[in-house]
Amino acid sequence: MTQTYNLLILPGDGIGPEVMGQVVRVIDWFRDNRGLDFRVEQDLVGGAAYDAHGKPLSDETMARAQAADAVLLGAVGGPKYDVLDFSVKPERGLLRLRKEMDLFANLRPAQCFDALADFSSLKPEIVAGLDILIVRELTSGVYFGEPRGIHADDNNPENEGGRVGINTQRYTSGEIRRVARSAFELARRRGNKVCSMEKANVMESGILWREEVQWVHDNEYPDVELSHMYADNGAMQLVRNPRQFDVIVTDNLFGDILSDAAAMLTGSLGMLPSASLGAVMANGRPKALYEPVHGSAPDIAGQGKANPIACILSFAMALRYSFDQGQAADDLEAAVQRVLAKGVRTADLMGPEGGTPVSTAGMGDEILAELSAGA
Ligand code: NAD
């Protein structure tokens, strides 16, 4: 029986609709040429939703997101909305999706396309062929832990300024185990190696993290190679020899920093996809939100200059992680690789040697042509 793939597309603001337009063409290509039965709905998020409904995500859209097999999001935000109250800012729409879908595992691949190795801040020979995946815990840890706040430090006369700021790093064993399982599952589909990063040398929550990841490994994934590393050493190793890693699993705070550092190993913001996964639903697919790492880029919005590759590669992640279409994902990534190898570039990928950049749609044309050539 043919499987149906229910996708909710939320293009959002700024360049979001422009880059998502190219993803829709790619989806149509897979429907027409590979018979993949995508059922696509579109809706509003961020500033676009605020303009229509007075809030950045309506309850109806939230319900559609909960019912979808996967959500694809472009980007939210823009200067027009900077004056809004915090509670209705475009970003709140995205945060609501992540929270209510309980997307606890944030996947941030750092993959270096050979043709762009010169864009990295590291030497090409260190990053060429790089393909790592950072799994960041996204719904707990120090960004959410209680108590938190800024208080008067009344009983401490030696405290110049008289205030204290507090955040709490807190993890339950269950929160650690579920994200560890995600990392081990992902590793099995890749290089079968997980490196877990924490600060067990100075933090009790780090000791618990290490013990629980080890427990999940020993009891459920003994076939996957597991190592542990202090997160500060991890940061050094990422810039010294990033190819030693396959999957890295780490907490919310360290993951925030390490994933941004790893992303820059690969060059432009216009190239970086991401996924956020939650619990497995009754149909066997995880709750899932796919989105490029970049924002709405108001400085280039509406000009046809945006690079659609980050959004297209986010869709490739959806093919792989939500729909188990690994071959289709490989083919799409290979098409992107070939287009870049031919020297086709959007403006953000132009090197000092110059040349004529293609438009957003021009990049879409090239990727579709390569898909067809490889089909
Ligand atoms: P940004 O990612 O939008 O842009 C940073 C720089 O990168 C800009 O110069 C932009 O032109 C360039 N850039 C980004 N994506 C590109 C692409 N696909 N192709 C070519 N160039 C690209 O970050 P910012 O300028 O800090 O934020 C702009 C708005 O986006 C703000 O309102 C911010 O709150 C929002 N934002 C949203 C998200 C999200 O939706 N997930 C993430 C970050 C920022």
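A quick note: this is a predicted structure, and the numbers were derived from the prediction, not measured.

Criteria and cut-off values
- Residues numbered from 1 in each chain as written.
- Predicted model: local features only at pLDDT ≥ 70, side-chain atom pairs only at ≥ 80, totals over all residues.
- Heavy atoms only, no water.
- Domains from an automatic or database assignment.
- Contact = heavy atoms within 4.5 Å.
- Buried area = accessible area lost by both parts, 1.4 Å probe.
- Salt bridge = Lys/Arg side-chain N within 4 Å of Asp/Glu carboxyl O.
- Polar contact = N/O pair within 3.5 Å; in protein donor to acceptor, adjacent residues only side chain to side chain.
- Helix = DSSP H or I, 4+ residues; strand = E, 2+ residues; numbered from the N terminus.
- Nonpolar A, V, L, I, M, F, W, Y, C, P; charged D, E, K, R; others polar.
- Core = buried A, V, L, I, M, F, W, Y, C linked by side-chain atoms within 4.5 Å.
- Buried < 20%, exposed > 50% of the residue type's maximum accessible area, 1.4 Å probe, protein only.
- Arc of directions from axis to C-beta.
- Phe/Tyr/Trp six-rings, centres within 6.5 Å; stacked < 30°, edge-to-face > 60°.
- Lys NZ or Arg CZ within 6 Å of the ring centre and 35° of its normal.
- Axes fitted to C-alpha atoms, helices over the stretch in contact; angles between N-to-C directions.
- Parallel < 35°, antiparallel > 145°, perpendicular 65-115°, else oblique.
- Left-handed = near helix turned anticlockwise from the far one by under 90°.
- Pairing = 2+ DSSP bridges.

Quick notes on the domain arrangement of the protein chain
In terms of domain boundaries, the protein chain breaks down into domain 1 (1-112 + 267-375) and domain 2 (121-266). Using C-alpha coordinates to define each centre, domain 1 is positioned 25 Å away from domain 2. In this complex, domain 1 contributes 19 residues to the contact, which on the side of domain 2 involves 24 residues. Carbon and sulfur atoms supply 55% of the area buried between domain 1 and domain 2, which totals about 2000 Å² over both sides. Area buried by domain 1 at its contact with domain 2 is led by Phe104, Arg108 and Ala110, which between them contribute 33% of it. Summed over the shared surface of domain 1 and domain 2, the number is 2 salt bridges. Taken together, the links from domain 1 to domain 2 amount to 9 residue pairs in polar contact (both at pLDDT 80 or more). At the level of secondary structure, the elements contributing two or more residues to the side of domain 1 that touches domain 2 comprise β4 (105-111) and α10 (309-321). Per element, the largest residue contribution to the side of domain 1 that touches domain 2 is 7 residues, and it comes from β4. Residues that form the side of domain 1 that touches domain 2 fall into these classes: 9 nonpolar, 5 polar and 5 charged.

Some details on the nonpolar core
Core analysis: the largest hydrophobic core is formed by 69 residues, its most contacted members being Phe30, Phe38, Tyr290, Phe315 and Leu332. Element by element, the count of residues in this core is highest for α10, at 10 residues. Shared between two domains, this core holds at least three residues of each, these being domain 1 (1-112 + 267-375) and domain 2 (121-266). By size, the runner-up hydrophobic cluster in this structure holds 19 residues, among which are Val127, Met229, Phe254 and Leu258.

Quick look at the environment of aspartate 330
Checked against the element boundaries, aspartate 330 lands in helix α11 (residues 326-341). Here the alpha-carbon distance between aspartate 330 and alanine 316, two residues 14 residues apart in the chain, equals 7.8 Å.

Looking at helix α4 (residues 90-100)
All of the buried residues along α4 are Pro90, Gly93, Leu94 and Leu97. The arc that holds every buried residue of α4, seen down its axis, measures 95°, which confines them to one face.

With respect to the packing of aromatic side chains
Where two aromatic rings form a pair, the distance of their centres and the angle of their planes describe that pair. Inspection of every chain in the model, using the stated rule, returns 8 aromatic pairs. Both rings, one in phenylalanine 184 and one in tyrosine 221, keep their centres 5.2 Å apart while their planes meet at 20°; by these two values the pair is stacked. With phenylalanine 184 in helix α6 (residues 173-188) and tyrosine 221 in the loop between α7 (204-220) and β9 (225-230), this residue pair connects regions lying 37 residues apart in the sequence. Across the pair, exposure class does not vary: phenylalanine 184 and tyrosine 221 are buried alike. Taken together, Tyr5, Trp29, Phe30, Phe38, Phe315 and Phe323 form an aromatic cluster joined through their ring pairs. We note arginine 177 situated over the ring of tryptophan 215; from NZ or CZ to the ring centre the distance is 3.7 Å.

Considerations on the packing of helix α3 (residues 59-67) against α4
When two helices pack together, their arrangement is captured by the angle between the axes and the distance separating the axes. Two elements in contact, α3 and α4, have axes separated by 11 Å at closest approach and are oriented at 40°. When the axes of α3 and α4 are compared, the pair comes out oblique. Viewed along their axes, α3 and α4 form a crossing whose handedness is right-handed. Two secondary-structure elements touch here, α3 through Asp59, Met62, Ala65 and Gln66 and α4 through Arg96, Leu97 and Glu100. The residue makeup of the contact of α3 with α4, split by class, is 3 nonpolar, 1 polar and 3 charged.

Points about the sheet that holds strand β2 (residues 37-42)
If you trace the 10 strands from one edge of the open sheet to the other, you get β2-β1-β3-β12-β11-β4-β5-β10-β8-β9, paired in mixed fashion. At either margin of the open sheet sits one strand with a lone partner, and together these are β2 and β9. Averaged over all neighbouring strand pairs, the angle between strand axes comes to 20°, with direction disregarded. Here strand β5 (residues 131-137) pairs with strand β10 (residues 247-250) via 4 bridges, running parallel. Bridge assignment links valine 135 to a residue of β10, and that residue is valine 249. Against the sheet, α4 engages β1 (4-12), β3 (70-75) and β12 (286-292), with an angle of about 155° to β12. Against the sheet, α7 engages β5, β8 (193-198), β9 and β10, with an angle of about 175° to β9.

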